Amino acid sequence: MKSSLLLCVALAISLGLVLVAGYPRDPEDEEHVLVNNKCQCVTVTSKFVPSKENPDEEILQRNIRILVPLKARENISDPLSPLRTTFVYRMTDLCKKCDPVEIELGGEIYKAQQSTSCDEPETCYTYNRDKCYTTNFPFLYHGETKNLKAVLTPASCYAD
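Conventions and cut-offs
- For every chain, the first residue of the written sequence is number 1, and numbering continues from 1 along that sequence.
- The predicted nature of this model means local features are confined to residues of pLDDT at least 70 and side-chain atom pairs, given and counted, to a pLDDT of 80 or more, with totals for whole chains, interfaces and linings taken over all residues.
- Just so you know, side-chain values use all the structure's heavy atoms and leave hydrogens and water out.
- Each helix corresponds to a stretch of at least 4 residues labelled H or I by DSSP, and each strand to a stretch of at least 2 residues labelled E; elements are numbered beginning at the N terminus.
- Throughout, exposure labels follow a simple rule: accessible area from a 1.4 Å probe, protein chains only, divided by the maximum for the residue type, with under 20% read as buried, over 50% as exposed, and the rest as partly exposed.
- For every accessible area listed, the method is Shrake-Rupley and the probe measures 1.4 Å; residues are considered covered only by the protein chains on display.
- Surface patches are defined over residues having more than 30% relative accessible area and no salt bridge, joining like charges when they lie within 9 Å and nonpolar side chains (Val, Leu, Ile, Met, Phe, Trp, Tyr) when within 5 Å.
- A carboxyl oxygen of Asp or Glu within 4 Å of a side-chain nitrogen of Lys or Arg is what we treat as a salt bridge.
- By convention, a stacked pair of Phe, Tyr or Trp rings (six-membered ring in the case of Trp) has centres within 6.5 Å and planes under 30 degrees apart, an edge-to-face pair has planes over 60 apart, and any other such pair is tilted.
- Remark: nonpolar core denotes a set of buried residues (Ala, Val, Leu, Ile, Met, Phe, Trp, Tyr, Cys) joined through side-chain atoms within 4.5 Å.
- Contacts between residues were defined by any pair of non-hydrogen atoms, one from each residue, lying within 4.5 Å.
- Throughout this description, a polar contact denotes any pair of N or O atoms lying within 3.5 Å of each other; where both atoms belong to protein, one of them has to be capable of donating a hydrogen while the other can accept it, and for residues adjacent in sequence the pair is counted only when both atoms sit in side chains.
- Note on disulfides: each one is a pair of cysteine sulfur atoms within 2.5 Å.

S.K.: For the overall build of the protein, give the residues involved together with the corresponding values.
M.R.: Tallying secondary structure elements over the protein gives 3 helices and 8 strands in all. When the helices and strands of the protein are placed in sequence order, the string is α-β-β-β-β-α-β-β-β-β-α. Within the protein, the fraction of its 160 residues that count as buried is 21%. For the protein, the accessible area works out to roughly 12400 Å², and carbon and sulfur atoms hold 55% of it.

This is the structure:
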């Protein structure tokens, strides 16, 4: 119990240093979504709750929700690849913000981004429903084998 509490405190402190703001899930809810990474199935939220030691004081509580896809493949675009057995979650990777923002310094506007590792590809454990995934497969037709492209996420590959 003590070690899990220590882990939660360490995560809260590290998240507090990395994350500055979030958005509320529901307008009436005080819980803020800090990270919603659909690629790795992780959601991190925070909210202020009354302290157990001192009810007049509020403390910041962080909740980390990880959904582990049971039939995820090593290569999600290849249905024949082996099942994934290792899932790695790094809070620094989950919290990085790669979208450049414009800032003004000395009267000039510059583009800046929070992370320096944005060029590295993100490891996805499930399909990002906003991205089109395809794979090639051998198709035998009249004794001739052709490689055809198959769509793995039709909703994101074809317009309505």
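S.K.: An account of a nonpolar patch on the surface is requested, with residue identities and associated values reported.
M.R.: A surface patch of nonpolar side chains, amounting to about 350 Å² of accessible area, comprises Val101, Ile103, Leu105 and Tyr110. Checked against the element boundaries, Leu105 lands in strand S5 (residues 101–105).

S.K.: Give a detailed account of the packing of aromatic side chains, specifying residues and quantitative values.
M.R.: The tally for this structure, following the rule as stated, stands at 4 aromatic pairs. Ring centres 5.5 Å apart and planes at 75° place the aromatic pair Tyr89 and Tyr125 in the edge-to-face group. Residue Tyr89 is located in the loop between strand S4 (58–66) and helix H2 (91–95), and its partner Tyr125 is located in the loop between strand S6 (108–112) and strand S7 (134–141); the two are separated by 36 residues in the primary sequence. Using a relative accessible area of 23% as the deciding quantity, one classes Tyr89 as partly exposed. Given the relative accessible area of 3%, Tyr125 is considered buried. Pairing Phe137 with Phe139 gives two aromatic rings, centres 6.4 Å apart and planes at 80°, and the pair type is edge-to-face. Taken together, Phe87, Tyr89 and Tyr125 form an aromatic cluster joined through their ring pairs.

S.K.: Quick one: what's the story with the nonpolar core, residue by residue and with numbers?
M.R.: Membership of the largest hydrophobic core is limited to 7 residues, which are Leu34, Val35, Val42, Val44, Met91, Leu94 and Cys95. Sorting the residues of this core by element identifies strand S2 (32–37), strand S3 (42–50) and H2 as the ones contributing at least two each. For this core, the leading source of residues is H2, giving 3 residues. Apart from residues no more than four positions distant in its own chain, Val42 is found in contact with Val35, Asn36, Asn37, Ile64, Arg65, Ile66, Tyr89 and Leu94.

S.K.: Tell me what's going on with the side chain of Thr45, and back it up with residues and numbers.
M.R.: Structurally, Thr45 is set in strand S3. Side chain to side chain, Thr45 and Glu31 meet in a polar contact 2.8 Å long.

S.K.: Mind laying out the state of the cysteines, listing which residues take part and the relevant values?
M.R.: This model, assessed by the stated rule, comprises 1 disulfide. Here Cys39 is linked by a disulfide to Cys124, with a sulfur-sulfur distance of 1.5 Å. A torsion of -110° about the S-S bond marks the disulfide between Cys39 and Cys124 as left-handed. Note that Cys39 is positioned in the loop between S2 and S3 and Cys124 in the loop between S6 and S7, a separation of 85 residues in sequence. Across the pair, Cys124 and Cys39 agree in class, each one buried. This cysteine, Cys41, is not joined by any disulfide, and Cys39 carries the nearest cysteine sulfur, 7.9 Å off. In this structure Cys41 comes out as buried when scored by relative accessible area, which is 17%.

By themselves, these observations are geometric and do not establish any function.
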